[in-house]
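Notes for the structure review
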Amino acid sequence: MSRLCVIVTLKDGTNWEQNEEIPRLPGETRVTDKDVIYMCPFNGPVKGRVYITNYRLYLRSVENDPVVILNVPLGVISRIEKMGGASSRGENSYGLDITCKDMRNLRFALKQEGHSRRDIFEVLTKYAFPQSHNLLFFAFVNEEKFSENGWMVYNPMSEYRRQGLPNDRWRVTFINEHYGLCDTYPSLLVVPYNATDDDLKKVAAFRSRNRIPVLSWIHPETQAVIMRCSQPLVGMSGKRNKDDERYLDIIREANGQISKLTIYDARPNVNAVANKATGGGYEGEDAYPNAELFFLDIHNIHVMRESLKKLKDIVYPNVEESHWLSSLESTHWLEHIKLVLTGAIQVADKVSSGRSSVLVHCSDGWDRTAQLTSLAMLMLDSYYRTIEGFEVLVQKEWISFGHKFASRIGHGDKNHADADRSPIFLQFIDCVWQMSKQFPTAFEFNEQFLITILDHLYSCRFGTFLYNSEFLREKEKVTEKTLSLWSLINSEKSKYTNPFYSKELNRALYPVASMRHLELWVNYYIRWNPRIRQQQPNPVEQRYMELLALRDDYIRRLEELQITNNSKIPNSSASSTSPSQMVSQVQTHF
C-alpha cells in the first residue's frame, strides 16, 4: 500500500515531506541523532529524539503522535555547556544546557552511558560554531531557489538618484572604490561638490577609523541633509584640524543655509569626554564656531547587552508576573528604546522643520549612528516604509555602512562572552515596531516581516548579515555564493504585507517616545511561552483581509458581467464606467 505523502510548510519556510524524519533545506545534510529528554520549562520533561544537521537542531517527541517540539537554526546558539558529571545522581541532571540568542534556553538530559553526551556536544559545537572550526557558514552550502533575487534590491547609485543626487551641491565620489580610504565604508560615497578627494583624505586622518562625514539622505524640499561619520580625534590635548573644520563648513553651506550646522553626538556627554583619553572626543565650540553640538545620552554597547540580559531573565522561561512593571523598569530596556527614538526624532525634526543640515556620530559611527540615521530617514521618507524601501534602508545604512554584524551577533563564533556582542540591530527593529504600533496604516510591512528579519539575523541561512563590512563581503564573494534574505521575503510578499497599509507620500511621522506610549514587544520577546496566547494572525487583520478578498471577487464578477453585457449590447453606455470605479463610488471603509 502506498503511503500518502503530505507536504507541510514550516514557519521558517522549509517544505517538509511528512514521511521524512526531519525537514531539510536543499543543501542541508543530517549529521547525527540521539534519544534525549527535553527539559521543557513549560510542560516538564519530554522524551524525544534530537536530530542535528549542518543547519538546525530538531526535536520530535516520541510518545503518542510525534509532535515537533523544537526547530532551532544552529546559528541561534550562543553557548553550549555540559551539565552534571559522572557522579550526578538526580533525575535528568546529566546532559547539555544550550543558551540561545533569541531569548531561549534549551536543556537536554541524556543517559550516562558510553560517550553519548560527548558525541552530541562535539557535533553541536562544531556545526553551531563553524567559524571556530574552519567550516563554512550554512549560507554557503544552502541550495534553495527563489523566484526573486534579493541581491538586486539595493543599488547605491539608484538609491541616490531616487533622492535626486548627484546635483550641483553634492557629488558621488569613487575615492573608496577599493576601500583604500576607509575599509568599513561602502565603495561609493556622496560628499559636498566643493570638497575635493584630496580634502577627503585629509579629513579621514582626523576621524576615527577614517569614517569621514558623508551624506545619508537629502530632504527633497529644504535640501537639508543627514550626514554620518565617526568622532573627531581630538584627544586629551584638544587637537585641531583645519581641513576637518573647513569640511564641516562646506557641509553647512551646501544647502544654502547660513544657520549653524547641527551635530548630534549619540553618546552621553560624560562618555564623549572620557573618549578623549583614548584619542577620541567631540567637536568643541572653539574649533567649530559654526556648529552647535547636542549629546543624545544613548548608552554604549555594553550597557545595551546587560539590559537585554536582564530582560531575558524576566521573560524566559517564566514571566515575572507579580512585580511585572517594576521588573520591566529595572531592565531599562524600554528606557533605551525611548532614548534612541527621541534622538532620531530630534534629527528628523531639525532637518524637516528646522531646515538645517545635521551631522550624526557616536564613537566609531557604526552602532548608535546607524540607529539614528536610519530611524530619522524612516520618519521622513515614506519610501522606506514600503517592504522594498525598508530592505534598501537596512542594506544602505546598516550593511553597506559597516555595522559590525559579525562582532555584534557573534556569527558562528564560540566565544559567547565576547565583549563586542550587543543587540544594537535588535533595538533598531524594536524601535521600528514601536513606530508601526503608533502608525498602523503607515507601513507596508507587518510584524511578521520584522520578526523574520530578526530570526535570520542569527540563522546564517542567508548571506545578508554575515561579516562586518562591505569590503569583507566582497572578499568572501557573499553575493555570488549565498542567497539574500530579501529573496525569501520578496518571493512571498503577501505573507509580510500589512493589509491596513495606506500609501501616503512625503508625510513625516513623529512617534511619541514617552514611556507611557512604549510597550514591550510581547510577540517577539515572549513568543516562546505557550501561556502567552499569541493570536497569529491577528483576528482583525484576518477579517480585513477576508473583506478585501471579497471586494476583489466582486470587482472580478462585475467585470465578467460587464463583458457579457457589452457583447450583447454593442453601443452600451455601461462601458464608460469600469467596475473598480463603480465599486469605489459605493465603497465603504471596513
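- The protein chain goes by Myotubularin in an unreviewed UniProt entry, where it is assigned to Corvus moneduloides.
- Under the UniProt heading Sequence similarities (unreviewed entry), the entry covering the protein chain gives this text: "Belongs to the protein-tyrosine phosphatase family. Non-receptor class myotubularin subfamily."

1. A short note on the pattern of salt bridges
- Summed over all chains, the structure comprises 35 salt bridges.
- Arg79 is the salt-bridge partner of Glu81, the closest N and O atoms lying 3.0 Å from each other.
- With relative accessibility at 32%, the residue Glu81 sits in the partly exposed group.
- With relative accessibility at 30%, the residue Arg79 sits in the partly exposed group.
- Residues Glu159 and Arg162 are paired through a salt bridge, measuring 2.8 Å at the closest nitrogen-oxygen approach. With a gap of 3 residues between them, Glu159 and Arg162 both fall in helix 2 (residues 156-162), about one helical turn apart.
- Looking at Glu159, the relative accessible area reads 4%, which means it is buried.
- Through salt bridges with shared partners, a single ionic network connects Arg30, Asp33, Asp35 and Arg49.

2. Focus on the confidence of the model for the protein chain
- Looking at the protein chain as a whole, the pLDDT averages 90, with 90% of positions reaching at least 70.
- Low pLDDT, under 50, characterises residues 1-8; the predicted model gives this stretch 13 contacts beyond four residues in sequence or across chains.
- Taken together, the stretch residues 582-590 has pLDDT below 50 and engages in 10 contacts with residues farther than four places along the chain or on a different chain.

3. Remarks on the UniProt feature "active site" (unreviewed entry) in the protein chain
- The residues that UniProt annotates with the feature "active site" (unreviewed entry) are Cys362.
- Counting through the fold element by element, Cys362 comes out in the loop between strand 16 (358-361) and helix 9 (368-380).
- By relative accessible area, which is 3% here, Cys362 ends up buried.
- With residues near it in sequence (within four places) discarded, Cys362 still touches Gln231, Asp265, Ala266, Arg267, Asp367, Arg368 and Thr369.

4. Notes on the sheet that holds strand 5 (residues 56-61)
- Spatial ordering of the open sheet is given by 6-5-4-3-9-8-7, a layout of 7 strands whose pairing is antiparallel. In the strand order of this sheet, the two ends are held by strand 6 (68-73) and strand 7 (77-83), each with one partner. Each neighbouring strand pair of the sheet contributes to a mean axis angle of 30°, computed without reference to strand direction.

5. Re the packing of helix 10 (residues 387-400) against helix 12 (residues 424-438)
- Interhelical geometry of helix 10 versus helix 12 gives an angle of 145° and a closest axis separation of 13 Å. The chirality of how helix 10 crosses helix 12 is right-handed. On helix 12, the residues that touch Phe390, Leu393, Val394 and Trp398 of helix 10 are Ile424, Phe425, Phe428, Ile429 and Val432.
- Residues that form the contact of helix 10 with helix 12 fall into these classes: 9 nonpolar, no polar and no charged.

6. Looking at helix 3 (residues 197-204)
- Looking only at helix 3, the buried set comprises Asp199, Leu200, Val203 and Ala204. Down the axis, helix 3 shows its buried residues gathered within 135° of arc, on one side only.
- The inward-facing, buried residues of helix 3 abut strand 10 (170-173), strand 11 (189-192) and helix 4 (242-253).

7. Some words on helix 18 (residues 539-568)
- Over its 30 residues, helix 18 extends 44 Å from the first C-alpha to the last, a length consistent with the 44 Å expected when each residue adds 1.5 Å.
- All buried positions along helix 18 are accounted for by Glu541, Tyr544, Leu547, Ile555 and Gln562.

8. Things to note about the sheet that holds strand 13 (residues 225-228)
- Pairing is mixed across the open sheet formed by 5 strands, whose spatial order is 12-13-16-14-15. Two strands close off the open sheet at either side, each with one partner strand: strand 12 (214-218) and strand 15 (291-295). Strand-to-strand twist in this sheet, taken as the mean axis angle between neighbours without regard to direction, amounts to 25°.
- Inspection of the sheet shows strand 14 (residues 261-265) paired to strand 15 by 5 bridges, in the parallel sense. Residue pairing for strand 15: Ile263 is matched across the bridge by Leu293.
- Its contacts with the sheet put helix 9 on strand 12, strand 13 and strand 16, and the angle it makes with strand 13 is roughly 165°.

9. Concerning the packing of helix 3 against helix 4
- Where helix 3 meets helix 4, the closest approach of the two axes is 8 Å, and the angle between their N-to-C directions is 120°. Between helix 3 and helix 4, the angle falls in the class oblique. The hand of the helix 3/helix 4 crossing is left-handed. The residues of helix 4 that touch helix 3, namely those facing Asp199, Leu200, Lys202 and Val203, are Asp243, Asp244, Arg246 and Tyr247.
- Across the contact of helix 3 with helix 4, the residue classes tally to 3 nonpolar, no polar and 5 charged.

Parameters and conventions
Residues numbered from 1 in each chain as written. Predicted model: local features only at pLDDT ≥ 70, side-chain atom pairs only at ≥ 80, totals over all residues. Heavy atoms only, no water. UniProt positions renumbered as here; feature names shortened; annotations may be inferred. Salt bridge = Lys/Arg side-chain N within 4 Å of Asp/Glu carboxyl O. Buried < 20%, exposed > 50% of the residue type's maximum accessible area, 1.4 Å probe, protein only. Helix = DSSP H or I, 4+ residues; strand = E, 2+ residues; numbered from the N terminus. pLDDT = per-residue confidence, 0-100. Contact = heavy atoms within 4.5 Å. Pairing = 2+ DSSP bridges. Axes fitted to C-alpha atoms, helices over the stretch in contact; angles between N-to-C directions. Left-handed = near helix turned anticlockwise from the far one by under 90°. Nonpolar A, V, L, I, M, F, W, Y, C, P; charged D, E, K, R; others polar. Arc of directions from axis to C-beta. Expected span 1.5 Å × (residues − 1). Parallel < 35°, antiparallel > 145°, perpendicular 65-115°, else oblique.

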